[in-house]
Amino acid sequence: MGFEMRGKLLVSERLYGALLHLYPKQFRTAYGRQMRLTFRDACRVAYRRGGAGGLLVLWLPTLLDLFKSALEEQAHQGEITMSKARLIAWAGPLTILVGSVWLVVSIGDFVLQSGLVGDEAFVGFITFPFFLSFVPLLFALIGTRLRFHPSAGVLGRLGLALSVAGGAGVLVAMLATILLGRVAPQVNQWPWVNYSAVGCVLSIRIGYILFGVDALRYRLLPRWNLLPLLAGSTVVLSLSLDWFGVPAFLPSQWATPFLHFAITGACWVLLGIAMMEPRREPQPTAAI
Amino acid sequence: MREDIQSLLPLTPTVFHMLLALADGEKHGYGIMKAVEDETQGQMQIRTGSLYGSIRRMIEAGLIEETDERPDPELDDERRRYYGLTDFGRRVLTAEAARIAQAMVVIQGKHILDGV
């Protein structure tokens, strides 16, 4: 077995092993090792047949099957309810985490644009955590939806669904970029993937604007109900600065991304803090 | 027992082909996947997640079991588990095959496959 082949198979097997954590622990204990061995065999055959492209052809349906069967097993083990409570509990801390990353990224971008630091390592230093932050963001969005869906109105529910779909879409687009980059590294651009990712980011923002309207209307959050609307609307600020120009008192070269990320990050940090406060349950009326 | 068998019929295509794959001897997970793919001329491909989900359900239903017998250890990875049909699983497979054979008689009588 060639060194290159062994390396790719090892990466595939390890990635699959990590994804097995989506299954309930009981199922994983019983079949996890067997599933890894079986997938390793399938990878070897796929690689021999079609090289890296063969591996990709194996991975795509395997991934879909994995999500589907993991969901079935979770439902079988009755762990979905547990996961739901856990996601709701984690929505606040994850939102703070994402907001913090975006704040750091905005400062990094400011440093980059100001010319204080300009090497590629620094670009990677701020770019990598930014893209990685979409993983906790998706879980934060799912948790937020699970928490506020029952109390939100039609607009809010639509907004929450849009934001989750957008978050999932961004991750799929990122995964597609990585996979396509591995299969055909000579092709640098996949415009439809980029357009899809931009559309998904907009979906998150529009979703938050709609959710924000309902948050204000029904006082969904324990406090600071303006935050979801503000978090969604920063994209409007960004587009306005792009289209109508940057005000004279701001240096134009860094104003748009800096303001965009900084305000959004700050909104998410505060939103996460607000979501971590215990829910206000209706107080029983005193007996007369 | 006969009622038990009838309550499981008709089998899903996945379960039927997995039982069929095990009819000629014990196999490990990938062996079952490969046999199903070969025996259906590639029309059915079971992925790893669905395979082990089905294995769990089939063990719970008493159709298959883990077997202790191993091929020559030098020829195989000892960490692998092998699965084989139980007596009940074989009877269920026979009943399903009989049901399909009966349907085939009707299909032939009505010349459904003529010209295919």
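In the block above lies the structure referred to throughout.
One numbering rule holds for all chains: residues counted from 1, following each sequence as written. Starting at A for chains and at 1 for ligands, labels are handed out in the order in which the entities are written. Where totals are concerned, whole chains, interfaces and linings use all residues; where local detail is concerned, this predicted model gives features only for residues with pLDDT of at least 70, and gives and counts side-chain atom pairs only at 80 or more. Based on all heavy atoms of the structure, the side-chain values leave hydrogens and waters out of the count.

### With respect to the interface of chain A and chain B
Here is step 1: A contact between two residues is defined here by any heavy atoms of the two lying within 4.5 Å. The partner chain B presents 22 residues to the 25 residues of chain A that form the contact.
Here is step 2: Buried area adds together the accessible area that both of two parts lose upon being put together, with accessible area traced by a 1.4 Å probe. Considering only the side of chain A, the residues that lose the most area to chain B are Tyr31(A), Gln34(A) and Thr38(A), jointly responsible for 29% of the buried surface there.
Here is step 3: Between Lys or Arg on one side and Asp or Glu on the other, a salt bridge is scored when a side-chain nitrogen of the former is within 4 Å of a carboxyl oxygen of the latter. For the interface between chain A and chain B, the tally reads 2 salt bridges.
Here is step 4: With its nearest N and O atoms 2.7 Å apart, the salt bridge here joins Arg80(B) to Asp41(A).
Here is step 5: The term polar contact refers here to a pair of N or O atoms within 3.5 Å; inside protein, the definition further demands a hydrogen-donor-capable atom paired with an acceptor-capable atom, and it admits residues adjacent in sequence only when both atoms are side-chain atoms. There are 9 residue pairs in polar contact (both at pLDDT 80 or more) connecting chain A and chain B.
Here is step 6: The helix and strand labels rest on DSSP assignments: H or I over at least four residues marks a helix, E over at least two residues marks a strand, and numbering proceeds from the N terminus. Element by element, the count of residues in the side of chain A that touches chain B is highest for helix α2 (residues 25-77) of chain A, at 23 residues.

### Concerning the pattern of salt bridges
Here is step 1: Within the structure shown, the criterion is met by 10 salt bridges over all chains.
Here is step 2: Taken together, the salt bridges that share partners define one network made up of Glu73(A), Arg56(B) and Glu60(B).

### Focus: the side chain of Arg80(B)
Here is step 1: Among the structural elements, Arg80(B) can be located in the loop between β2 (64-67) and β3 (82-85).
Here is step 2: For Arg80(B), the side chain forms a polar contact with the side chain of Asp41(A), separated by 2.7 Å.

### Some thoughts on helix α5 (residues 87-109) of chain B
Residues and elements named next belong to chain B.
Here is step 1: Taking 1.5 Å of rise per residue, 23 residues should cover 33 Å, and α5 covers 33 Å from first to last C-alpha, within 8% of that figure.
Here is step 2: Burial classification: accessible surface area is computed with a 1.4 Å probe over protein chains only, and a residue below 20% of its type maximum counts as buried, one above 50% as exposed, and the rest as partly exposed. Every buried residue of α5 is accounted for by Phe88, Gly89, Val92, Leu93, Ala95 and Glu96.
Here is step 3: Of the residues one or two after α5, His111 is the one with positive phi, at around 55°. Expected span of a helix: the number of residues minus one, times 1.5 Å.

### Section: the environment of Gly156(A)
Here is step 1: With respect to the helices and strands, Gly156(A) occurs in helix α6 (residues 154-183).
Here is step 2: Separated by 56 residues in the primary sequence, Gly156(A) and Gly212(A) place their C-alpha atoms 7.3 Å from one another.

### What to know about the sheet that holds β2(B)
Backbone-to-backbone hydrogen bonds join strands into a sheet, with any given pair of strands oriented parallel or antiparallel.
All names here are of chain B.
Here is step 1: The criterion for strand pairing is that DSSP finds at least two bridges linking the strands in question. What the 3 strands build is an open sheet, ordered β1-β3-β2; its pairing is antiparallel. Each of the sheet's edge strands pairs with one partner strand only, and the pair in question is β1 (27-28) and β2.
Here is step 2: In this structure, β2 lies alongside β3, joined through 4 bridges in antiparallel fashion. From the neighbouring strand, Ile64 faces β3, where its bridge partner is Leu85.
Here is step 3: The strands touched by helix α2 (residues 13-22) are β1, β2 and β3; relative to β3, the strand with the most contacts, the crossing angle is about 95°. Every axis corresponds to a line fitted to the C-alpha atoms, with the helix fit spanning only the stretch in contact, and the corresponding angles, defined between N-to-C directions, vary from 0 to 180 degrees.

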